[in-house]
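Examination of the molecular architecture
As a plain string of letters, each chain reads:
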Amino acid sequence: MEQARAGEYDEFVAARWSGLCHLARLLTGGDRHRAEDLLQESLVRLWFVWPKVADEAPEAYVRKVLARAAARSARRRWWGERPVEELPEVAAAGDMSAVVAERSRLEAALALLTPRQRAAVVLRYYQDLPDRQVAEVLGCPVGTARSHAARGVARLRELLADAIEPVK
């Protein structure tokens, strides 16, 4: 029986790894390494409650753990230096496609939001969760979750204002 549950867990992780990793990356402001660490931590927590959560909503549980862990880790001031052998070269104009450049701009702008605003915006607009579920994941009232999302979107508009062209 326990091996069957372990197999179900393995299948869930294999099927949802990519999407959850992308969510974690957005929640951490684009830091792939922190995102992978947070996802690993969240999946370990899922493993311990798998028998209880497996038949209900394991993805919702992982989203909640991810959002809370991202907010908790963002409170730490220093994550350590990442030494490299060579400094990266500045990319020449036209090196990258417009889509990749825009995604990078958005990730950088998301990184400037507060952790709760970032989580609310990502969960509401990227994951397309209703306000009630966003509030549940963040552990706050629905009005507070809406407020975090609205303030986050307003801040993103300020940060990305030069890229937005007015509609004529």
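Residues numbered from 1 in each chain as written. Predicted model: local features only at pLDDT ≥ 70, side-chain atom pairs only at ≥ 80, totals over all residues. Heavy atoms only, no water.

Some details on helix H4 (residues 98-111)
- Here H4 spans 20 Å end to end across 14 residues, near enough to the 20 Å set by a 1.5 Å rise per residue.
- Burial in H4 covers these residues: Glu-107, Ala-109 and Leu-110. Burial along H4 is one-sided: seen end-on, the buried residues are contained in an arc of 160 degrees. (Helix = DSSP H or I, 4+ residues; strand = E, 2+ residues; numbered from the N terminus. Expected span 1.5 Å × (residues − 1). Buried < 20%, exposed > 50% of the residue type's maximum accessible area, 1.4 Å probe, protein only. Arc of directions from axis to C-beta.)

What about unusual backbone geometry?
- Of note, Asp-128 is a non-glycine position whose phi angle comes to about 60 degrees, a positive value.
- Topologically, Asp-128 is positioned in the loop between helix H5 (115-126) and helix H6 (131-138).
- Classification of Asp-128 as exposed rests on a relative accessible area of 59%.

Structural notes on the nonpolar core
- Core analysis: the largest hydrophobic core is formed by 42 residues, its most contacted members being Leu-46, Val-62 and Leu-66.
- Counting residues per element, the ones that place at least two in this core are helix H1 (2-27), helix H2 (32-53), helix H3 (58-74), H4, H5, H6 and helix H7 (142-159).
- Per-element accounting of this core gives the leading share, 9 residues, to H1.
- For Leu-46, the residues in contact, after removing those within four places along its chain, are Tyr-9, Phe-12, Val-53, Pro-58, Tyr-61 and Val-62. (Core = buried A, V, L, I, M, F, W, Y, C linked by side-chain atoms within 4.5 Å. Contact = heavy atoms within 4.5 Å.)

Looking at the packing of H5 against H6
- Contact pair H5 / H6: the axes reach a minimum separation of 10 Å and the direction vectors enclose 140 degrees. Crossing angle aside, the handedness with which H5 passes H6 is right-handed. Counted together, Arg-116, Ala-119, Ala-120, Leu-123 and Arg-124 of H5 and Asp-131, Val-134, Val-137 and Leu-138 of H6 form the full contact between these two elements.
- Class assignment of the residues belonging to the contact of H5 with H6 gives a composition of 6 nonpolar, no polar and 3 charged. (Axes fitted to C-alpha atoms, helices over the stretch in contact; angles between N-to-C directions. Left-handed = near helix turned anticlockwise from the far one by under 90°. Nonpolar A, V, L, I, M, F, W, Y, C, P; charged D, E, K, R; others polar.)

Overview of the packing of H5 against H7
- Running from amino to carboxyl end, H5 crosses H7 at an angle of 95 degrees, the nearest separation of the two axes being 8 Å. Regarding the angle of H5 to H7, the classification is roughly perpendicular. Where H5 abuts H7, its residues Arg-116, Gln-117, Ala-120, Val-121 and Tyr-125 lie against Ala-145, His-148, Ala-149, Arg-151, Gly-152, Val-153 and Leu-156.
- The class makeup of the residues in the contact of H5 with H7 is 7 nonpolar, 3 polar and 2 charged. (Parallel < 35°, antiparallel > 145°, perpendicular 65-115°, else oblique.)

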